[in-house]
Amino acid sequence: MAATLGEDTHMTDSGSTAPPALNSTRGNWGGRFGFILAAAGSAVGLGNIWKFPYITGENGGGAFVLIYLICIALVGLPILIGEVMIGTATQRTGVPAFRTLSRPGSPWMGFGWMGVAAAVLLLSYYGVVAGWTMHYAWLSITGTFAGQDAETIRGVFGKVFSSAGLNLSWQLIFMFLTTLIVLRGIKGGIELASKIMVPLLGLMLIALMIKASTTDGFAQATDFIFGMHGDDLTPGGILEAVGHAFFSLSIGMCCMLAYGSYLKRGTNIVASGTAIAGLDTLIALVACMVLFPITFAHGMDPESGPGLVFMNMPVALMALPGGSFWATIFFILLFVAALTSAISLLEVASSYFIDDLNWSREKATIVCGLAITVLGIPSALSGVPEGIYSEVFFGKSWFDGIDWAVSNVMLPLGGLGVALFVGWRMSATLRREVFTAGSPTLASLFGGWLFVIQWIAPAAVIIVFLQAIGVLDIGMFFAEAPAAELDTATTTD
Ligand code: PFF
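Since we're looking at a predicted model, the values are computed, not measured.

Just checking my understanding: could you explain the packing of aromatic side chains for this structure?
Two numbers describe a pair of aromatic rings. These are the distance of the centres and the angle of the planes. Inspection of every chain in the model, using the stated rule, returns 35 aromatic pairs. Between W132 and F157, the ring centres sit 5.2 Å apart and the planes meet at 90°, which makes this aromatic pair edge-to-face. Separated by 25 residues along the polypeptide, W132 in helix α5 (residues 109-141) and F157 in helix α6 (residues 150-162) bring together distant segments of the chain. On the basis of an interplanar angle of 75° and a centroid distance of 5.1 Å, the ring pair of Y352 and F353 is categorised as edge-to-face. The exposure class assigned to Y352 is buried, which follows from its relative accessible area of 9%. One aromatic cluster is present, built from ring pairs that chain together W50, Y54, Y125, W132, Y136, F145, F157, F161, F310, F330, F331 and F399. Note that K51 overlies the ring of F247, its terminal NZ or CZ placed 5.6 Å from the centroid.

Below, the structure written as structure tokens:
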């Protein structure tokens, strides 16, 4: 019998039965392919094209890329599979999913709440950065950059960052588009939009990569990204790789859990998760193969931080033949990547109200979309000189403070919660059943995955978390002995 939302619907520890169905208005993916594209759309975002290249630049290239790949395989992918597993097993989003698999009022539900809070906070400032991409796309389409010197183009970022009007209006337009897609539901909204936008994103990226491969900087860039320059890799860089793996795969905030909840029980979640993580990583690497050749060809430094995309790239792109065209493609690419991620964040928030409070999708999406837009106002105003939001948290702006809390505290804690819950609390029968669904060969991978999710992933996340909040400094374990001590040691030998 189908249970209603208010009933105690929790599944027993030994139970491997399907959970009671929710009301049919929550929606479902049309198929596994739609799920993979939507989840890949969520994973591929500003993190891949904006952040990954510049942290790779800051941490010395190839050695960092290698560590990042290991983090994705050993920590990211296993947790991604665990998150999708909770959603698929329960057919519910975060809070009710944890409740269903434990008990009403269980502290595990806290991870569901934190997921909703993190998604709301992240989207509140993600929308502002996405707004910048729209502004830059607009400037490129209208040919505004054409004929301007490098200093003027670089100066645009400062102007946008400090303008209340520009930030607020672009953020509003972006949030409006995001809300419009989520409003149309899972199959007709998120899945359809992803089926159009993710392939489009791939095509634009390939076109840009072909263009980048014709520039003088291509060989230098390949060596930088894939060559080993270990000297620049610090312990802090290793931790950054773990943290970024979470952000990039959209794990730790119940996003993959929510998307997994629209997937039919019996789907092969291991193959799907691997495809999602593979696409996300491939696109991050290709983004490097676009950004670095173009900036190197222009004699620019790869380690230019967040300004790489919004300051160096427009200058370098405009120096190419057909500059305005390439700049337009690049900023539309960034906008599309941001939009497919933003819809997943809004879905995390809306699905709570749909699943747990039985709101209609329309009401839930509009209320959440509006609330997040309002919450984003302080982020949009964080760069305004003399504004009240430029120094809020211990000298950090509202924008930077929220970014810090979400990326360094909420995401790792959320990921830890998923790993511990799936590894230690979830019913062993159910866990095995959902993991091995879809292919008999998966049984041979189960033991390895379980070991990782029970031990390796939690240990890695705890270390990253303690480092991020300043309790642990793993750098001290790698520190070289002071020169004086070394001298004494050598002379006494
Ligand atoms: N994965 C996205 C990116 O790389 O930009 C960001 C993100 C989206 C994080 C959705 C978390 C999430 F739930």
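What am I meant to see in the environment of A207 here?
Secondary-structure assignment places A207 in helix α8 (residues 186-213). Between the C-alpha atom of A207 and that of V290, which follows or precedes it by 83 residues, the distance is 9.5 Å.

I tried to follow helix α12 (residues 269-297) on my own but got confused; where do I start?
The periodicity of an α-helix, 3.6 residues per turn, causes residues three or four positions apart to be oriented the same way. In a regular helix each residue adds 1.5 Å, so 29 residues correspond to 42 Å; α12 covers 42 Å between its end C-alpha atoms and thus fits that length. Counting buried positions along α12 yields 22 of 29 residues, so the element is predominantly enclosed. Backbone geometry just downstream of α12 places G299 in the positive-phi region, at approximately 70°.

How should the site of the ligand be read in this particular structure?
By nearness alone, 16 residues border the ligand, and A43, G47, Y126, F247 and S250 come closest of all. Contacts to the ligand include A43, whose backbone N or O atom sits 3.0 Å from a nitrogen atom. In the environment of the ligand, a nitrogen atom lies 3.1 Å from a nitrogen or oxygen atom belonging to the backbone of S248. For the ligand, whose free accessible area comes to 340 Å², the fraction covered by protein is 100%. Comparing atom positions with the cavity grids shows the ligand to sit within the largest cavity. Counting residues per element, the ones that place at least two in the shell around the ligand are α1 (32-43), α2 (46-58), α5, α10 (235-249) and α14 (323-356). Broken down by class, the residue content of the shell around the ligand amounts to 8 nonpolar, 8 polar and no charged.

Would you mind going over empty space enclosed by the protein with me for this structure?
Evaluated as defined, the whole model comprises 4 cavities of 30 Å³ or more. Considering the residues around the largest cavity, the lining is formed by 15 residues, among which S42, L122, Y126, F247 and S250 are closest to the centre. Those elements that provide at least two residues to the lining of the largest cavity are α1, α2, α5, α10 and α14. Residue contributions to the lining of the largest cavity peak at 3 residues, all from α14.

What is the right way to look at unusual backbone geometry in this model?
For residues that are not glycine, phi is negative in most cases, and the peptide bond is trans in most cases. At Q91, a residue that is not glycine, the phi angle is positive and equals roughly 60°. Looking at where Q91 falls in the secondary structure, it is placed in the loop between α3 (62-90) and α4 (94-101). In this model, S250 sits at a positive phi of 60°, which is unusual for a non-glycine residue.

What's the story with a nonpolar patch on the surface in this structure? I'm lost.
A grouping of L66, I70, L74, M228, W424, F451, W455 and I456 is seen on the molecular surface, where their side chains present a nonpolar patch of about 820 Å² in accessible area. When residues of the nonpolar patch are traced back to their parent elements, those giving at least two are α3 and α19 (443-468). Within the fold, I456 resides in helix α19. Relative accessible area serves as the criterion here: at 32%, I456 is assigned to the partly exposed category.

Looking at this structure, I do not really get helix α15 (residues 361-375). What am I missing?
For α15, spanning 15 residues, the distance from its first C-alpha to its last is 21 Å, which sits close to the expected 21 Å at 1.5 Å a residue. Every buried residue belonging to α15 is among R361, A364, T365, C368, G369, I372 and T373, and all of these are buried. When α15 is viewed along its axis, its buried side chains cluster within an angular range of 145° and face the same direction. For α15, the exposed residues lying more than 90 degrees away from the buried face are L370 and V374. Looking at the buried side of α15, the elements it contacts are α5, α7 (164-183), α8, α14 and α16 (377-380).

Help me out: how do you make sense of the nonpolar core in this one?
Considering soluble globular proteins, one finds that nonpolar side chains tend to be buried as a cluster. Counting 160 residues, the largest nonpolar core has I79 and F330 as its most contacted members. Of all the elements, α14 adds the most residues to this core, at 19 residues. Dropping the residues within four chain positions of it, F330 is found in contact with I49, L208, L291, V309, M313 and L317.

Mind showing me how you'd approach the side chain of E347 here?
Checked against the element boundaries, E347 lands in helix α14. If we ignore the near neighbours within four places in the chain, the residues touching E347 are V182, I186, I190, Y259, Y262 and R361.

Cut-offs applied
- Residues numbered from 1 in each chain as written.
- Predicted model: local features only at pLDDT ≥ 70, side-chain atom pairs only at ≥ 80, totals over all residues.
- Heavy atoms only, no water.
- Phe/Tyr/Trp six-rings, centres within 6.5 Å; stacked < 30°, edge-to-face > 60°.
- Helix = DSSP H or I, 4+ residues; strand = E, 2+ residues; numbered from the N terminus.
- Buried < 20%, exposed > 50% of the residue type's maximum accessible area, 1.4 Å probe, protein only.
- Lys NZ or Arg CZ within 6 Å of the ring centre and 35° of its normal.
- Expected span 1.5 Å × (residues − 1).
- Near = heavy atom within 4 Å.
- Polar contact = N/O pair within 3.5 Å; in protein donor to acceptor, adjacent residues only side chain to side chain.
- Areas by Shrake-Rupley, 256 points an atom, 1.4 Å probe, with all protein chains shown as cover.
- 1 Å grid on protein atoms, 1.4 Å probe; cavity = no way out; pocket = protein on both sides within 12 Å on 5 of 7 lines; lining within 4 Å.
- Sits in = over half its atoms within 2 Å of the grid points.
- Nonpolar A, V, L, I, M, F, W, Y, C, P; charged D, E, K, R; others polar.
- Points joined across faces, edges and corners; volume = space filled by probe spheres on them.
- Patch = residues over 30% accessible without salt bridge, like charges linked within 9 Å, V, L, I, M, F, W, Y side chains within 5 Å.
- Salt bridge = Lys/Arg side-chain N within 4 Å of Asp/Glu carboxyl O.
- Arc of directions from axis to C-beta.
- Contact = heavy atoms within 4.5 Å.
- Core = buried A, V, L, I, M, F, W, Y, C linked by side-chain atoms within 4.5 Å.

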